[in-house]
Amino acid sequence: DAMVIQNPRYQVTQFGKPVTLSCSQTLNHNVMYWYQQKSSQAPKLLFHYYDKDFNNEADTPDNFQSRRPNTSFCFLDIRSPGLGDAAMYLCAAAPLARTDTQYFGPGTRLTVL
Amino acid sequence: QQPVQSPQAVILREGEDAVINCSSSKALYSVHWYRQKHGEAPVFLMILLKGGEQKGHEKISASFNEKKQQSSLYLTASQLSYSGTYFCGTQDYGQNFVFGPGTRLSVLP
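Cut-offs applied
Residues numbered from 1 in each chain as written. Chains lettered and ligands numbered in written order. Predicted model: local features only at pLDDT ≥ 70, side-chain atom pairs only at ≥ 80, totals over all residues. Heavy atoms only, no water. Helix = DSSP H or I, 4+ residues; strand = E, 2+ residues; numbered from the N terminus. Buried < 20%, exposed > 50% of the residue type's maximum accessible area, 1.4 Å probe, protein only. Disulfide = S-S within 2.5 Å. Phe/Tyr/Trp six-rings, centres within 6.5 Å; stacked < 30°, edge-to-face > 60°. Contact = heavy atoms within 4.5 Å. Buried area = accessible area lost by both parts, 1.4 Å probe. Polar contact = N/O pair within 3.5 Å; in protein donor to acceptor, adjacent residues only side chain to side chain. Nonpolar A, V, L, I, M, F, W, Y, C, P; charged D, E, K, R; others polar. Pairing = 2+ DSSP bridges. Axes fitted to C-alpha atoms, helices over the stretch in contact; angles between N-to-C directions.

Engineer: I'd like a description of unusual backbone geometry, backed by residues and values.
Structural biologist: For the bond from asparagine 7 of chain A to proline 8 of chain A, the omega torsion is -15 degrees, close enough to zero to count as cis. Looking at the element boundaries, proline 8 of chain A is found in the loop between strand S1 (4-7) and strand S2 (10-13). A cis amide bond, omega -5 degrees, links serine 6 of chain B with the succeeding residue proline 7 of chain B. Note on placement: proline 7 of chain B falls in the loop between strand S1 (4-6) and strand S2 (9-13). At asparagine 28 of chain A, a position not held by glycine, the phi torsion is positive, near 60 degrees. Positive phi is not limited to glycine here, since alanine 77 of chain B has a value of about 50 degrees. Topologically, alanine 77 of chain B is positioned in the loop between strand S8 (70-75) and strand S9 (84-92). In this structure alanine 77 of chain B comes out as partly exposed when scored by relative accessible area, which is 28%.

Engineer: Can you tell me about the state of the cysteines, naming the residues and giving the values?
Structural biologist: Under the defined criterion, the tally for this structure stands at two disulfides over all chains. Cysteine 23 of chain A shares a disulfide with cysteine 91 of chain A; S-S distance 1.9 Å. Taking the torsion about the S-S bond as the criterion, the cysteine 23 of chain A to cysteine 91 of chain A disulfide, at about -75 degrees, is left-handed. You can see cysteine 23 of chain A sitting in strand S3 (residues 19-25) and its partner cysteine 91 of chain A sitting in strand S9 (residues 87-94), a full 68 residues away along the chain. We note that cysteine 23 of chain A, like cysteine 91 of chain A, is buried. The disulfide that involves cysteine 22 of chain B links it to cysteine 88 of chain B, with 2.1 Å between the sulfurs. Disulfide cysteine 22 of chain B to cysteine 88 of chain B: torsion about the S-S bond roughly 70 degrees, handedness right-handed. In this pair, cysteine 22 of chain B is assigned in strand S3 (residues 18-23) and cysteine 88 of chain B in strand S9, connecting sequence segments 66 residues apart. Look at cysteine 22 of chain B and you get buried, because its relative accessible area is 2%. Summary of cysteine pairing: cysteine 74 of chain A is not part of a disulfide, and the nearest cysteine sulfur, belonging to cysteine 91 of chain A, is at 5.9 Å.

Engineer: Give me the packing of aromatic side chains: which residues, what numbers.
Structural biologist: In total, this model carries 14 aromatic pairs over all chains according to the counting rule given. Cluster of aromatic residues (ring-pair linked, three or more members): Tyr33, Tyr35 and Phe104 of chain A together with Tyr34, Phe44, Phe87, Phe97 and Phe99 of chain B.

Engineer: Report on the interface of chain A and chain B, specifying residues and quantitative values.
Structural biologist: Taken together, the contacts link 17 residues of chain A with 21 residues of chain B. Buried surface at the junction of chain A and chain B, both sides included, amounts to about 1600 Å², of which 56% is carbon and sulfur. Viewed at the interface, chain B and chain A are joined by two residue pairs in polar contact (both at pLDDT 80 or more). For the side of chain A that touches chain B, the per-class residue count stands at eight nonpolar, seven polar and two charged.

Engineer: Hey, could you go over the sheet that holds S1 of chain A for me, with residue numbers and the actual values?
Structural biologist: All names here are of chain A. Spatial strand order, S1-S3-S8-S7: four strands in an open sheet with antiparallel pairing. On the outer flanks of this sheet lie S1 and strand S7 (64-67), each paired with one strand and no other. Sheet twist, expressed as the mean angle between neighbouring strand axes with direction ignored, is 20 degrees. As judged from the four bridges shared by S1 and S3, these two strands associate in the antiparallel manner. Across the sheet, residue valine 4 finds its bridge partner in S3, namely glutamine 25.

Any functional reading would require information beyond the geometric quantities listed.
Put into structure tokens, the structure is as follows:
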């Protein structure tokens, strides 16, 4: 049974055209994370939500925003995608922020043309 | 601040052992270990919460030296399925979580 679901799995957008990636979880976990992962690099944390509390990493560009309308869903909005934003975007859920397993979704691979 | 992992890459024959190290310049609350296969999402292996803690998962185990701010992942009698990139993730006391750069492990028949 899928626990963290990401849609779409592959997304193609044009330079400068806003795009939204979605994530949902059936785990009812409090914490949700968005990561950006480029080829041969570690996942880089963009944001995390502890329940409704939003935490933005200091070096996350303003071009990236996030919404969490309820426990189950979380969205990543890229307002004006640049070529450098092409990457795999991973969503994860965890019961608590500090001490628990992060369950990752399969990721959305974003291509910017 | 991103932890340091060593080695960057390692090639093993099936049945051989390997150690992957992770060290941080910051005091650590916990260390997490994940494995990621090519084209897939990271998969949780284990979390170490206390200094001196050791955990095992089949033939994969880890230790956490809180004083030295480092953790080691031990893979014994490696199997082909162990191939992938291993990431440590460190959580400091300020709730900042960051993955290390990864160690690419290749197990050959």
